[in-house]
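Summary of the model geometry
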Amino acid sequence: QVQLVESGGGLVQAGGSLRLSCVASGSTSSIMSTGWYRQAPGKQRELVAQITRGSDTNYADFVKGRFTISGDNAKNTVNLQMNSLKPEDTAIYYCSAWRPPYTRYWGQGTQVTVSS
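What you are looking at is a predicted structure, and each value in this text was computed from that prediction instead of being measured. (Residues numbered from 1 in each chain as written. Predicted model: local features only at pLDDT ≥ 70, side-chain atom pairs only at ≥ 80, totals over all residues. Heavy atoms only, no water.)

1. Side note on the overall build of the chain
Counting secondary structure elements, the chain contains zero helices and eleven strands. Ordered by position from the N terminus, the helices and strands of the chain form the series β-β-β-β-β-β-β-β-β-β-β. For 116 residues, the compact-globule formula gives about 13 Å, and the C-alpha radius of gyration of the chain, at 14 Å, lands near that figure. Projected onto the principal axes, the alpha-carbon positions of the chain cover approximately 40 × 25 × 20 Å. Looking at the chain as a whole, 40% of its 116 residues qualify as buried. For the chain, the computed accessible surface area is about 6,300 Å², with 48% contributed by carbon and sulfur atoms. Each charge class in the chain can be summarised by its mean position, and for the 11 positive and 7 negative side chains these summaries are 3 Å apart. (Helix = DSSP H or I, 4+ residues; strand = E, 2+ residues; numbered from the N terminus. Rg over C-alpha atoms; globule rule 2.2 N^0.38 Å. Buried < 20%, exposed > 50% of the residue type's maximum accessible area, 1.4 Å probe, protein only. Areas by Shrake-Rupley, 256 points an atom, 1.4 Å probe, with all protein chains shown as cover. Lys, Arg positive; Asp, Glu negative; His and termini not counted. Charge placed at Lys NZ, Arg CZ, Asp CG, Glu CD.)

Next up, the structure:
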């Protein structure tokens, strides 16, 4: 089993920054990639960014140039640096991890609120 705990959410003004962290525990050696998703009220959960154990990254178009995902394998931690935040970034942000071939794990989420 894998456990994921997110932190770093909060309230910030438009144009500000936040740094989210996800710490994994348990059978972490089996994780091949991790990612950040977000879900706003009344909307579907959507992919924000993902990173592999080899540090390959992928971003949603709406965050390219503003958000940066990074990881520290030794500390079992993945971070999401969010800059130039917009009100439409307001959502619950979830950390997710994938174990081959089909298993996915989810954290409980952290609230990000961006005021206009």
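So much for the structure itself; the text now carries on.
2. Digging into the environment of S30
Looking at the secondary structure, you find S30 in the loop between β3 (18-26) and β4 (33-39). With sequence-adjacent residues up to four places away left out, S30 is seen in contact with W98, R99 and P100. One polar contact links the side chain of S30 to the main-chain carbonyl oxygen of S27, over a distance of 2.7 Å. (Contact = heavy atoms within 4.5 Å. Polar contact = N/O pair within 3.5 Å; in protein donor to acceptor, adjacent residues only side chain to side chain.)

3. With respect to the nonpolar core
Counting 28 residues, the largest nonpolar core has L4, W36, V48, F67, L80, M82 and Y93 as its most contacted members. Sorting the residues of this core by element identifies β1 (2-7), β3, β5 (46-52), β7 (67-72), β8 (77-82), β9 (91-99) and β11 (110-115) as the ones contributing at least two each. In this structure L4 touches C22, V23, A24, C95, S96, A97, Y105, W106, G107 and Q108, once residues within four positions along its chain are discounted. (Core = buried A, V, L, I, M, F, W, Y, C linked by side-chain atoms within 4.5 Å.)

4. Concerning the pattern of salt bridges
Taken as a whole and assessed by the stated rule, the structure comprises four salt bridges. A salt bridge links K64 to D61; its shortest N-O distance comes to 3.2 Å. According to the relative accessible area criterion, D61 is exposed, its value standing at 65%. Through salt bridges with shared partners, a single network forms among R38, E46, R66 and D89. (Salt bridge = Lys/Arg side-chain N within 4 Å of Asp/Glu carboxyl O.)

5. Here's the deal with the packing of aromatic side chains
In total, this model carries three aromatic pairs according to the counting rule given. Measuring from centroid to centroid gives 5.1 Å for Y37 and W106, while their planes differ by 70 degrees, and the two rings are edge-to-face. In this pair, Y37 sits in strand β4 while W106 sits in strand β10 (residues 103-106), placing the two residues 69 residues apart along the sequence. For Y37, a relative accessible area of 13% corresponds to the buried category. W106 gets classed as partly exposed once you look at its relative accessible area, which sits at 34%. Aromatic side chains Y94 and W106 sit 6.5 Å apart centroid to centroid with 90 degrees between the ring planes, which places their arrangement in the edge-to-face category. A residue pair is termed long-range when its members are at least 10 positions apart, and Y94 in strand β9 and W106 in strand β10 qualify at twelve residues. Three or more aromatic residues joined by ring pairs form one cluster here, namely Y37, Y94, W98 and W106. (Phe/Tyr/Trp six-rings, centres within 6.5 Å; stacked < 30°, edge-to-face > 60°.)

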